[in-house]
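# Structural characterization, general
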Amino acid sequence: GIETGAVPVLEVDGKTVCQSDAIFNYACKLAGLYPADAFQAMKVEEVRGCIGDIQQMLLGTFAIADADEKIAKRRELLAGPMGAKIAALNQLLRNNDCKLAVSDEISPADIELHCWTGFLVSGFFDGLPADMFAGYDKIQASVKAVAEHPKVVKWYADRKAVTEAN
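All values derive from a computational prediction rather than experimental measurement.

Parameters at a glance
- Residues numbered from 1 in each chain as written.
- Predicted model: local features only at pLDDT ≥ 70, side-chain atom pairs only at ≥ 80, totals over all residues.
- Heavy atoms only, no water.
- Salt bridge = Lys/Arg side-chain N within 4 Å of Asp/Glu carboxyl O.
- Helix = DSSP H or I, 4+ residues; strand = E, 2+ residues; numbered from the N terminus.
- Buried < 20%, exposed > 50% of the residue type's maximum accessible area, 1.4 Å probe, protein only.
- Phe/Tyr/Trp six-rings, centres within 6.5 Å; stacked < 30°, edge-to-face > 60°.
- Lys NZ or Arg CZ within 6 Å of the ring centre and 35° of its normal.

### Things to note about the pattern of salt bridges
Throughout the structure, instances matching the rule amount to nine salt bridges. With a closest N to O distance of 2.6 Å, R48 and E112 form a salt bridge. Placement of the pair is R48 in helix α2 (residues 38–59) and E112 in helix α5 (residues 108–120), with a sequence separation of 64 residues. By relative accessible area, which is 15% here, E112 ends up buried. Beyond isolated ion pairs, a larger network of salt bridges with shared partners links D21, E45, R48 and E112.

### Description of the packing of aromatic side chains
One pass over the structure, following the stated rule, counts seven aromatic pairs. Judged by centre distance (4.9 Å) and plane angle (75°), the rings of F119 and F125 are edge-to-face. A relative accessible area of 41% places F119 in the partly exposed class. In this structure an aromatic cluster arises from ring pairing among F62, F119, F124 and F125. Positioned above the aromatic ring of Y34, the side-chain terminus of K29 is 4.9 Å from the ring centre. When the ring centre of F62 is taken as origin, the NZ or CZ atom of R74, which lies over that ring, is 5.1 Å away.

So, in C-alpha cells, the structure goes:
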C-alpha cells in the first residue's frame, strides 16, 4: 500500500492497502452491503464505472486557469456530453427495474451515488448548479434512500455535534 505513494491508505492487521476504490469495496463487504451474487456485484460496478466516466469529463476543467473559462467549460459539458451521460445513467437505473440503483436494498452503488452527487453540487465545482440532478428520478431516489437511512442520519448528526462542540 504505502510503497506506491498513493492515498488514502488503510491499515488492517498491520498490513496496508491503498486506493480509495479498494478501501470502499472492503468497507462495503465488511458492512454486508456488497452483493454476494456475482451478477448483482457486476451491476454495482457498472454504476460505479458510469460515475467514473462522468468524473473523467470534469478532470480537464481543473487545468483551466481562467475562472470564467472554467465555468463556461463545465456548463458546456453539463449541457452536452456530461448531461447526456447523466441521463444515460438515470436510464440505466430505470432499466434495472428495482427501487434503488441495482436492487431494492442499499448497495455500494447507492452510497457512491449519494457521495458523488453531493460532491458535485457542494459548490466545489464552480459552474455546476445545485439542482443539476433535478429531473433524474432514479438518481434522486437512490440518493434520498441513503440520506434518509437511520445509520446515515445518525452519522451526520454525530459529526454535526462534534463540529458544534469545537
